[in-house]
Amino acid sequence: QVQLVESGGGLVQPGGSLRLSCAASGSIASIYYMVWYRQAPGKQRELVARINSAGITNYVDSVRGRFTISRDNAKNTVYLQMNSLKPEDTAVYYCNVQTFGGQTFGSWGQGTQVTVSS
């Protein structure tokens, strides 16, 4: 099973930026989707962005135009560049992997906390 470790979170003011990283335990080159999720207090985990093996990306409407997902297969790492952050982006961010059919199959990591506050 793929192990995933997220990093890069922190406290940032509204309008600021953060870059999250997710390192996988093995090669991600053959993994179809790399996915970022987030879970805010009292809310369900939601899919934020995903990227397929061809580099095609999808975003939830609330982050489109502000967040950018990318993957580096040579480093077995997926990134989430977050710009123009808003207080409603505050959450624990997780990454995971999905099959072509959308089935999640990685081990959930600890996530990384992102707090947007003045």
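Residues numbered from 1 in each chain as written. Predicted model: local features only at pLDDT ≥ 70, side-chain atom pairs only at ≥ 80, totals over all residues. Heavy atoms only, no water.

Undergrad: How do you make sense of the pairing of strand β9 (residues 91-98) when you look at a structure like this?
TA: Residues in a regular strand point their side chains to alternate faces of the sheet. For β9, the tally of buried residues reaches 8 of 8 residues, placing the bulk of the element in the interior. A two-sided burial pattern is seen for β9, the buried positions comprising A91, Y93, C95 and V97 on one face and V92, Y94, N96 and Q98 on the other. For strand β4 (residues 33-39) and β9, the ladder comprises 7 bridges, and the chain directions are antiparallel. Counted as the bridge partner of R38 is Y93 from β9. In this sheet, strand β10 (residues 112-116) lies alongside β9 in antiparallel orientation, the contact comprising 3 bridges. Bridge pairing in β10 places A91 opposite V114. (Buried < 20%, exposed > 50% of the residue type's maximum accessible area, 1.4 Å probe, protein only. Helix = DSSP H or I, 4+ residues; strand = E, 2+ residues; numbered from the N terminus. Pairing = 2+ DSSP bridges.)

Undergrad: Please explain the environment of T104 as it appears in this structure.
TA: With respect to the element layout, T104 can be found in the loop between β9 and β10. For T104, a relative accessible area of 31% puts it in the partly exposed group. Those residues within four positions of T104 in sequence are excluded, and the remaining contacts are Y37, N96, V97 and Q98. A distance of 3.1 Å separates the side chain of T104 from the side chain of Y37, its partner in a polar contact. (Contact = heavy atoms within 4.5 Å. Polar contact = N/O pair within 3.5 Å; in protein donor to acceptor, adjacent residues only side chain to side chain.)

Undergrad: When you look at the pattern of salt bridges in this model, what are you seeing that I'm missing?
TA: Oppositely charged side chains can form a pair if their charged atoms are brought close together. Evaluation of the coordinates by the stated rule reveals 4 salt bridges. Here D89 and R38 are joined by a salt bridge, their closest N and O atoms 3.0 Å apart. One end of the pair, D89, is in the loop between β8 (77-82) and β9; the other, R38, is in strand β4, with 51 residues separating them in the sequence. You'll find D89 and R38 in the same group, each marked buried. (Salt bridge = Lys/Arg side-chain N within 4 Å of Asp/Glu carboxyl O.)

Undergrad: Which parts of the structure should I look at to understand the nonpolar core?
TA: A general feature of soluble globular proteins is that nonpolar side chains tend to end up buried together. In this structure, W36, F67, I69, V78, L80, M82 and Y93 are the most contacted members of the largest nonpolar core, which totals 29 residues. Elements represented by at least two residues in this core include exactly β3 (18-24), β4, β5 (46-52), β7 (67-72), β8, β9 and β10. Ignoring any residue separated from it by four or fewer positions in sequence, one finds L80 in contact with L18, R19, L20, W36, A49, F67, T68, I69 and Y93. (Core = buried A, V, L, I, M, F, W, Y, C linked by side-chain atoms within 4.5 Å.)

Undergrad: Would you mind going over the state of the cysteines with me for this structure?
TA: Disulfides are covalent bonds that connect the sulfur atoms of two cysteines. One pass over the structure, following the stated rule, counts 1 disulfide. Disulfide pairing is shown between C22 and C95; the S-S distance is 1.7 Å. Here C22 and C95 share a disulfide; its torsion about the S-S bond, 50 degrees, makes the bridge right-handed. Pair noted here: C22 is in strand β3 and C95 is in strand β9, with a separation of 73 residues, a long-range link. Taken as a pair, C22 and C95 share a single burial class, namely buried. (Disulfide = S-S within 2.5 Å.)

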